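Understanding the architecture of this molecule
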Amino acid sequence: MPSTARVYADFTSLTKHSKPTARGGPIDPHGFDAALASSASSAVSSGSAHKDDQTDQMLRAKKAWEVAMGPAKTLPMQAFMAWMSGTGVSIFSILITAMILMTPLRTIMTVQQTFAPLERVAKGRPALDLTMQKAAFVAINIAGVLFAVYRLSIMGLLPTASSDWLAFIPAKTYPELSF
Amino acid sequence: MLGGVSLSRAALSLTLAIGSLSSFAHGLFPDEAGRIDWHRAQIGRPTKIVPYAFNETDTGLFAITDRNTLASLSPASGEIVWRQMFGPDETIKALRVRDGRALTLSGANETQVRVWDAVSGSLVWGFSQPPDANYRKGSGAAEFVEGSEDVVAVVGDSLVRLTPGATVPVWEVPLNATAAYKRVVLEDKSVFVVGDARLTKKNPKPRMQVVEVDLKTGGVKQKYQFASGQAVRSNRVVFLQSREYGSYVVWRDEKNIVWFVHRLGMSDPEWEIYHAKLVQVELMPADMLTSTLYEIDSDPALNANHPRFVMTYLKDDKIKTIVVEMYRSGDKLEMRKVAGFRSDDAVVAGCGIAAAKKDAANPNAPRAVVSVRSSDNVSWRVYTDSKTPTHTGDFAYSKDTYGPVKSATLYHVGGEPRVLVQTSGGLVAALAPGSSEPVWFRDESLSHATDMAFLELPPPVSSAEYAAKATDPSVLGSPVTRYILRWAETVKSIVSWVTSGFGFFAPSSADAVGASGQAARTVAEELAPGSPIVAGDHFGFRKLSVFGTSTGVVAALSTQGGSRSWTRFLADNGTAVDIENVFVTRRNQPMSSSAPLVTVVGRSRASGNTVVAVLNALTGEFADGSELAVLPYSHAKVFELPAVDTLSNQQLVGLVYRDPENQTRLGIWPSTASAAKAFCAVAEPVFFDLNDGAGSTDLRGFRVECPADEAELDSWTEGSSGFVGREQWRFDLPAGETLVSTTGYGGAQSTALLGRVLGDRSVLYKYLNPHLITLATRVGKAESSSHGIGIYMVDRVTGSLLYSTVHANAHVTAKQPFLAIQSENRVIYQFWQEGSPAAAGSTGHSDAVRGYVTVVADLYESDKPDTRDESRAFSSYDLLLPHVITEAFVAPEAASALGVTRTGSNISTRDVVFGLASGKLLSLPDQMFDARRPKRAATKDEQAEGLVPYAAPLALDPKRVLSHCNAVAGIRQIRAAPTHLESTSLVAAYGLDLFFTRTSPSGTFDQLSPSFSKVNLVVTTLALAVGCLLGGPMVRRKLTNQAWA
């Protein structure tokens, strides 16, 4: 009599800690690693997961430093561009200077957004503290701004000389009349 | 619906675009020479006009004038055929025209005799007599010798016979200063030279002196005196010359009815004394005493047989004029009346007589008798030998415009007589028979212009605005309403432009309107315009230029095209007023019914007293209720005061004078209580400087005091003596120096920037002192080795000396004048430098230059940048001394006037305008005159500052000659006025000629360039609008389809 027993696989009973029993029960397919399959829900609570967290934070901090130092790498390039465009007041040099000035300013404005992906850890968990990186980031960008301002001043576009205020000096009055 | 909205919006924007362009259609084009500028060539008031027939058909008119010009005028049109300008102090004393040659004698002690080609005006030959210590003032006469090209002339203190091509006279007779010889009479063998004998203690009565000289050898035949009590140039003396009878002098003693006739050369005087019936006309003694003699055709060649003269006299208060002919009856000399003419009017304003040449073609030469009646009308008649006139004419003319007629000349054009009348105001008009309008006229009054003022005219009122004002003036109270009305007008004009076929088929507006913006006028309308110019243009290019002249004429001309708006002749007791200053004392006020005013200040020729007239600046009429005021004093100085009389809404004019007690006073005009209060309210303290004119040795400063008592101002009337001026300071010139000129700012002190920005962006602050005046003095005598020009910059309030320098080897003469101008913190002056070989040998010092030198002095507050006196008020009592930087340049040519351009906000740079003696108006940029120009290659900072390395010569760049091809003769003044465009300044030059133009020293940055294509702009705008109209529905359709997909 042919066996009427049917082979079937039922994944609904798949649990994390289920082990194959001798008496029967579902047999894992070849190559199936139950631990791997259920890691998504189990990693957080385990002890090894805690160790992973620390590595992750370290990596994030490192990544954040890289982000913070990013503008410093562009500074030499900007300085070169500035040198190439000269100190004369022309449309090109003004555009370059405006770029040198506006880029760091805009970057400083977006410092929070720039670091947000790195400092966010998980819901309900405290964010990663990236104050130092942010401070370095801002400082480097301020240096960029200062460079732009210096450039404006050597281009003569800063109202620092007395001639810049000449038009605003009130004319003298003349108390006497003569003919 | 949507399409409709967008269409109307597009149409509106198109209208706006076109509308905003239409106002630029007057823009400045560099090739508009002769359209943006105009030139009027003038000659001055003729002192003598000689008609001359070249042949039977061609006639010429030759004139010598009181502006030292010899001119040939076209008899048909009055245009100048050619003219020759003589030196400024070279009076032309004689003019003779014969055989296609014109002979002139000019100058005083240094006499010039010149013979010109009458057709071309070129010099044929000339003779110059060096100055003579014995020269007697007034001497000088010349005549052609008949039958040769020789000339006999009184030059200096000699009588000479000159021949072409010879540098020395054929013979020369010294006259030994015994008389001022003014007349040369030639006979076949003798020359008579007649003059006013020198008055001596022994013989104090005036009389004439004759020297008879042999024409061939120059030997003195005799010398005697005659005609006691007579002078050569008098209206009671005539010379009659006849080939047959010899030469006679006819005269009548003053207050005597007895006639005298003297035959020249009769050393044993052949007196032929006549009584009142000399001319075979019964004359009452009273009539005889009023008689005046006129010489006609004194040329003996014209009077072979019967020399003639004309006499006028009053009979029963009516003027009678008779032509008298001399003839011989046997041995006896007789005179007879050949024609007579009686004026219809009781009073005759003037009279003149002339006669044309008698020759074979015209045996009965006509004589014209011109009589001017008091009733604004000139009537004239031409007589031949019969008693009925052959030609008559009338000329409707108001003597309030150019003054009374003073002389007349007759000439012929194509056989028809023309009468040339001249008025004392300077009008020369040619009249033809049967016409009440002149054939042509020349207004020579403006060649005597002494002052000029620009009057701003209101912008043209659109007709919609005008209509609204007429119906409901309150509508125009709102600027929005006015704006809408103006736009409505613009739209209307666009519609009419489009309906007229875009102007292609309409008559050219330029032809109809002319460059002046005024409709073309006839001669009569131009002489006496029916409607004055009352509206300007949108850009302020068209203003009125109000001229005051020394001939008594005040005239207002449009600055565009020069069309006349009005003319007024000012006379005090019948004599022309010598006008010296013109001030605009009430400007055009928008939406105001009160007319703008000009105040004219002059001097009465009779008494020398100050004369003031306040005229309506738009019509030339006397302002409401005013008349010509003759003040009881003679002013020494006149200026505009920055005070407005509240009652008459009129700006005050200040007149400095000395009262009989020798107290210096400041009179004001209008001289009313409210004006006096207005003056004291705004003007304290007021200072002025005073000197005795050129040649004085000191300069004094006065302070005006307002009376402490208010009641004194309340009782101020026209008769009140002026405010007392207390002497504050006295600036004595160093010994041996005399004043040449004083120069002040004259309104050019205003500036847009208070400092000069240097290349390193620091600032040199300008020294802006409105009280600064520059004195020029003559140092030493011109002959001495130490002669020069001293320059003193003085503060007018304190009299303190701010800067001084002396230019050695320099001098000032009439031909080489000293010119100076002050503008902002800059003083520019020009003079002639003789140059000294000693200085040239030593160091190449600037004194070595022989030529015209232009010196620039720039005044700064300090020599250090960024150093400034921080006080808010500039008081002369703070005694701030300027730091002066000077530089000298070699001027391109002799100049006769200096000016500087002016713009509304002083933002555009200023050009310095030179009126060159060669008739060019040269405009040089301000930066050329920078005293800081480096004398080496410019550093980077200096380049950044725009400093051009120094070069001594100021180049005469033909591109900078504002007058381009015009020769503007005798420029005496250059004036500038701002326009509504900041880039553009109006420039006016006057003197002998008038020249008006406009210039943009910094380029026409606020105007579209000439190459700007308005057609392209309109077409592009239209194309875009059409594109929007077509593309809009397509895009909307596409979007809808996309939404359904």
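Residues numbered from 1 in each chain as written. Chains lettered and ligands numbered in written order. Predicted model: local features only at pLDDT ≥ 70, side-chain atom pairs only at ≥ 80, totals over all residues. Heavy atoms only, no water.

A few words on the state of the cysteines. Residue and element names in this part refer to chain B. All chains considered together, the criterion is met by one disulfide over all chains. Residue pairing for cysteine 680: its cysteine sulfur links by disulfide to cysteine 706, the two sulfurs lying 2.0 Å apart. Since a negative S-S torsion denotes a left-handed disulfide, the cysteine 680-cysteine 706 link at about -100° is left-handed. Pair noted here: cysteine 680 is in helix H8 (residues 673-682) and cysteine 706 is in the loop between strand E47 (698-705) and helix H9 (710-714), with a separation of 26 residues, a long-range link. You'll find cysteine 680 and cysteine 706 in the same group, each marked buried. (Disulfide = S-S within 2.5 Å. Helix = DSSP H or I, 4+ residues; strand = E, 2+ residues; numbered from the N terminus. Buried < 20%, exposed > 50% of the residue type's maximum accessible area, 1.4 Å probe, protein only.)

All names here are of chain A. Where nonpolar side chains cluster on the molecular surface, the patch consists of Met77, Phe80, Trp83 and Met84 and spans about 520 Å² of accessible area. You can see tryptophan 83 is positioned in helix H3 (residues 47-85). Look at tryptophan 83 and you get exposed, because its relative accessible area is 66%. (Patch = residues over 30% accessible without salt bridge, like charges linked within 9 Å, V, L, I, M, F, W, Y side chains within 5 Å. Areas by Shrake-Rupley, 256 points an atom, 1.4 Å probe, with all protein chains shown as cover. Salt bridge = Lys/Arg side-chain N within 4 Å of Asp/Glu carboxyl O.)

We now examine the sheet that holds strand E64 (residues 985-991) of chain B. All names here are of chain B. Spatial strand order, E1-E65-E64-E63: four strands in an open sheet with antiparallel pairing. Two strands in the sheet have a free side with no partner beyond their single neighbour: strand E1 (38-40) and strand E63 (971-978). Here the strands of the sheet are splayed against their neighbours by 15° on average, with no regard to which way each runs. Note: E1 against strand E65 (residues 994-999), three bridges, orientation antiparallel. Of the residues in E65, the one forming a bridge with arginine 40 is leucine 994. (Pairing = 2+ DSSP bridges. Axes fitted to C-alpha atoms, helices over the stretch in contact; angles between N-to-C directions.)

Here we come to the interface of chain A and chain B. On the chain B side, the residues contacting the 22 residues of chain A number 38 residues. The junction of chain A with chain B conceals about 2,300 Å² of combined surface from both sides, 57% of it contributed by carbon and sulfur atoms. Contact with chain B buries surface across chain A, with Lys172, Glu176 and Phe179 of chain A losing the most and accounting together for 36% of the total. Scanning the region where chain A abuts chain B turns up three salt bridges. For aspartate 164 of chain A, the salt bridge identified is with arginine 761 of chain B, shortest N-O distance 2.8 Å. Along the contact surface separating chain A from chain B lie 18 residue pairs in polar contact (both at pLDDT 80 or more). Here the residues of the side of chain A that touches chain B are counted per class, giving 12 nonpolar, seven polar and three charged. (Contact = heavy atoms within 4.5 Å. Buried area = accessible area lost by both parts, 1.4 Å probe. Polar contact = N/O pair within 3.5 Å; in protein donor to acceptor, adjacent residues only side chain to side chain. Nonpolar A, V, L, I, M, F, W, Y, C, P; charged D, E, K, R; others polar.)

What follows deals with unusual backbone geometry. All names here are of chain B. The step from tryptophan 669 to proline 670 runs through a cis peptide bond, and the omega angle for that step is 5°. Mapped onto the fold, proline 670 is located in the loop between strand E45 (664-669) and H8. With a phi angle near 70°, arginine 761 is a residue other than glycine that sits in the positive phi range. Here arginine 761 lies in the loop between strand E50 (755-757) and strand E51 (763-765).

Glancing now at the sheet that holds strand E52 (residues 772-779) of chain B. Residues and elements named next belong to chain B. Spatially, E49-E52-E53-E54 is the arrangement adopted by the four strands of the open sheet, whose pairing is antiparallel. Each of the sheet's edge strands pairs with one partner strand only, and the pair in question is strand E49 (737-743) and strand E54 (801-808). Averaged over all pairs of adjacent strands, the angle between their axes in this sheet comes to 20°, without regard to strand direction. Judged from the seven bridges that link them, strand E53 (residues 788-795) and E54 form a sheet pairing that is antiparallel. Residue pairing in the sheet places valine 794 in a bridge with leucine 801 of E54.

Here we come to the pattern of salt bridges. Residues and elements named next belong to chain B. Counted under the stated rule, the structure contains 42 salt bridges over all chains. Put simply, glutamate 444 and arginine 442 hold a salt bridge, and the shortest N to O gap is 2.8 Å. A relative accessible area of 10% means that arginine 442 is categorised as buried. Notably, a salt bridge pairs arginine 700 with aspartate 692, separated by 3.4 Å at the nearest N-O pair. Given the relative accessible area of 57%, aspartate 692 is considered exposed. Because the salt bridges share partners, they merge into one network encompassing Asp692, Asp698, Arg700, Arg730 and Asp732.

To continue, consider the UniProt feature "transmembrane region" (unreviewed entry) in chain A. In this structure's numbering, the residues bearing the UniProt feature "transmembrane region" (unreviewed entry) are residues 80-102 and 135-158 of chain A. Secondary structure content for residues 135-158 of chain A is 88% helix and 0% strand, and the end C-alpha separation is 28 Å. (UniProt positions renumbered as here; feature names shortened; annotations may be inferred.)

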